[in-house]
Amino acid sequence: MSDETPIEPTDDEAVAAEETAAASGNGSGPRRERVGVIGAGYVGLVTGVCLASMGYQVTLRDIDASKVAALNDGIVPIYEPGLTELMSEHSDRLTYTLSLERMLERSDIVFIAVDTPPTYSGDADLSRVMSVVDELEKVGADSRHVLVMKSTVPVGTGERVRAELDARGLNDVGYCSNPEFLKEGAAIADFLHPDRVVIGSFEEGQGDRVASLYAPLGAPIIRTSVPSAEMVKYASNAFLATKISFINEIANVCEEVGADVEVVSHGMGLDSRIGKSFLRAGIGFGGSCFPKDVSALKQLAGNSGYHFQLLTSVIEVNELQKRRVIGKLKKHLGGLEGKRIALLGLAFKPETDDMREASSLVLAARLLAEGAEVVAYDPIVEVSERLNGVGMSGSAEEAVTGADAAVLVTEWSSLVGLDWGAVRGLMREPVLIDGRNALDPAEMTRLGFVFEGIGRIPAHVGVAS
Ligand code: UGA
């Protein structure tokens, strides 16, 4: 996203934003909101840097000293296309600090972007959110400040945080929910050109101030209650995950009945009621969000006495989908003991180095358990402690050399665009499994591969593009 054009508010928009801020009654006159961000992780950094690119002064606070030091040196600790460039372009508006006090002094609207990892039960762990509330009490936030929850938190968290703030005498500190809808790899575009901005507030004036920040983007702004805003986030992710598990099951049935899921999803997606997004069959969804959020929503429903049956299946289908490649490999190779299997791509999706819940982890573990020799290559991921036992290669060519089978696990464009004829020549056996339906079955078959995708007719020609 390095070619992204940052959106600068026009003078009129800036004045309008200032007026809205002043109208909130929380300030002492027209002024431009200054932004604070608690947590310089993925969401916090993208939020802070994008808001700086829109012209706001942004102070990011993190408790990790090495991260703050790196950011002060201009080093971005995550891989996200375009982020380093945008950060250095707007460095004059970005400050990084370890001190919450300093951040509060320098900001009016304070985004909370700490992580909410899953607990063993599947609930979201809110301990980091709650320790922020503890700290705010000690440091003394005041009526200038509106806290804005960006972290994905279970419905009801806002009301809980509000009650905690009030119990600590922080009644004047505002609170809003403003969920993020950022896709890794496209986060800057998603922030600066959102389909919608959702703002839940307890008091309208506080929501107005948050809305004023986003006004220059010209996106639809949904104003609602805090619980509804929290639910929009979970429902959106759960629905997208459901679409993926649905098309994956359709793919599995296609394999049984001789249909091609690529044609089927194309035909379905042209129906505007369905839409074509998130209908790509493959070896399951991963990442830091879908698995965690689907489980958290299921758990949230369960805690309220409602059994969310559909989501139970979405999760189960996804787990089984990751393992289906093993069956395909066995079909062509017999037992996997001693077979050299090359995994091409490891990250949970292209354009990220994120390995959280990546399908490659399950696949590698299953293959190793079957006694296979597993070698892997990813354009960005060089090593992960969760890949113990997997031999990392310096190139795709090195990984496939002498392999009995190769699996395209992540559809990086550099992998999809490999010289597959040359790859075929390097392999011992020609078995190729396309876990992302990114390769042309007819072409791969012509090159001499024993080829299988997910839910595809092996050498089907004439697939709609
Ligand atoms: C997801 C959502 O798309 C964002 O809107 C949301 O803000 C984010 O979670 C979050 O909650 O923070 P992300 O996890 O970055 O974003 O990744 P996606 O691009 O949504 O992909 C998720 C997984 O689904 C990947 O493993 C991908 O390969 C898989 N996928 C996606 C499919 O298998 N088929 C598809 O058609 C689409």
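It should be noted that the structure appears before, not after, this text.
Calculation criteria
- Residues numbered from 1 in each chain as written.
- Predicted model: local features only at pLDDT ≥ 70, side-chain atom pairs only at ≥ 80, totals over all residues.
- Heavy atoms only, no water.
- Helix = DSSP H or I, 4+ residues; strand = E, 2+ residues; numbered from the N terminus.
- Rg over C-alpha atoms; globule rule 2.2 N^0.38 Å.
- Buried < 20%, exposed > 50% of the residue type's maximum accessible area, 1.4 Å probe, protein only.
- Contact = heavy atoms within 4.5 Å.
- Near = heavy atom within 4 Å.
- Polar contact = N/O pair within 3.5 Å; in protein donor to acceptor, adjacent residues only side chain to side chain.
- Areas by Shrake-Rupley, 256 points an atom, 1.4 Å probe, with all protein chains shown as cover.
- Nonpolar A, V, L, I, M, F, W, Y, C, P; charged D, E, K, R; others polar.
- Pairing = 2+ DSSP bridges.
- Axes fitted to C-alpha atoms, helices over the stretch in contact; angles between N-to-C directions.

1. Some details on the overall build of the protein chain
Check the secondary structure of the protein chain and you find 18 helices and 14 strands. For 465 residues, the compact-globule formula gives about 23 Å, and the C-alpha radius of gyration of the protein chain, at 24 Å, lands near that figure. Considering only C-alpha atoms, the protein chain reaches an extent of 75 × 50 × 40 Å along its principal axes. A burial count over the protein chain gives 53% of its 465 residues as buried. The contacts of the protein chain with a sequence gap of at least 6 include a subset with a gap of at least 24, amounting to 72%.

2. Here we look at the site of the ligand
Neighbouring the ligand are 19 residues; Glu180, Glu184, Lys233, Asn237 and Cys289 lie closest to it. Measuring from an oxygen atom of the ligand, one finds a backbone N or O atom of leucine 182 at 2.9 Å. Here an oxygen atom of the ligand and a backbone polar atom of phenylalanine 348 are 3.0 Å apart. When isolated, the ligand has an accessible area of 720 Å², and the protein chains bury 95% of it. Elements represented by at least two residues in the shell around the ligand include exactly helix 10 (226–257) and helix 12 (290–303). In terms of residues, the shell around the ligand owes the most to one element, helix 10, which gives 3 residues. For the shell around the ligand, the class distribution of residues is 9 nonpolar, 2 polar and 8 charged.

3. Here we look at the environment of proline 227
Structurally, proline 227 can be placed in helix 10. Between the C-alpha atoms of proline 227 and serine 201, which are 26 residues apart in sequence, the distance is 9.0 Å. Excluding residues within four positions of it along the chain, proline 227 makes contact with Val155 and Glu159.

4. A short note on the sheet that holds strand 2 (residues 58–61)
Taken together, 8 strands build an open sheet; the order of strands is 3-2-1-4-5-6-7-8 and the sheet is mixed. Strand pairing shows two members of the sheet lacking a second neighbour, strand 3 (94–97) and strand 8 (221–224), which therefore form its edges. Averaged over all neighbouring strand pairs, the angle between strand axes comes to 25°, with direction disregarded. Across 4 bridges, strand 1 (residues 35–38) lies against strand 4 (residues 109–112) in parallel orientation. Residue pairing across strands places valine 37 opposite phenylalanine 111, the latter belonging to strand 4.

5. Quick look at the sheet that holds strand 14 (residues 450–452)
If you walk across this open sheet you meet the 6 strands as 11-10-9-12-13-14, and the pairing is parallel. Here the strands that pair on one side only, and so sit at the sheet edges, are strand 11 (391–392) and strand 14. Two elements, strand 9 (residues 340–344) and strand 12 (residues 405–408), share 4 bridges in a ladder whose sense is parallel. Bridge assignment links alanine 342 to a residue of strand 12, and that residue is alanine 406. Contacting strand 9, strand 12, strand 13 (431–434) and strand 14, helix 13 (residues 309–333) crosses the sheet at an angle of about 160° to strand 13. The sheet strands contacting helix 14 (residues 359–369) are strand 9, strand 10 (373–377) and strand 12, and the helix crosses strand 9 at an angle near 175°.

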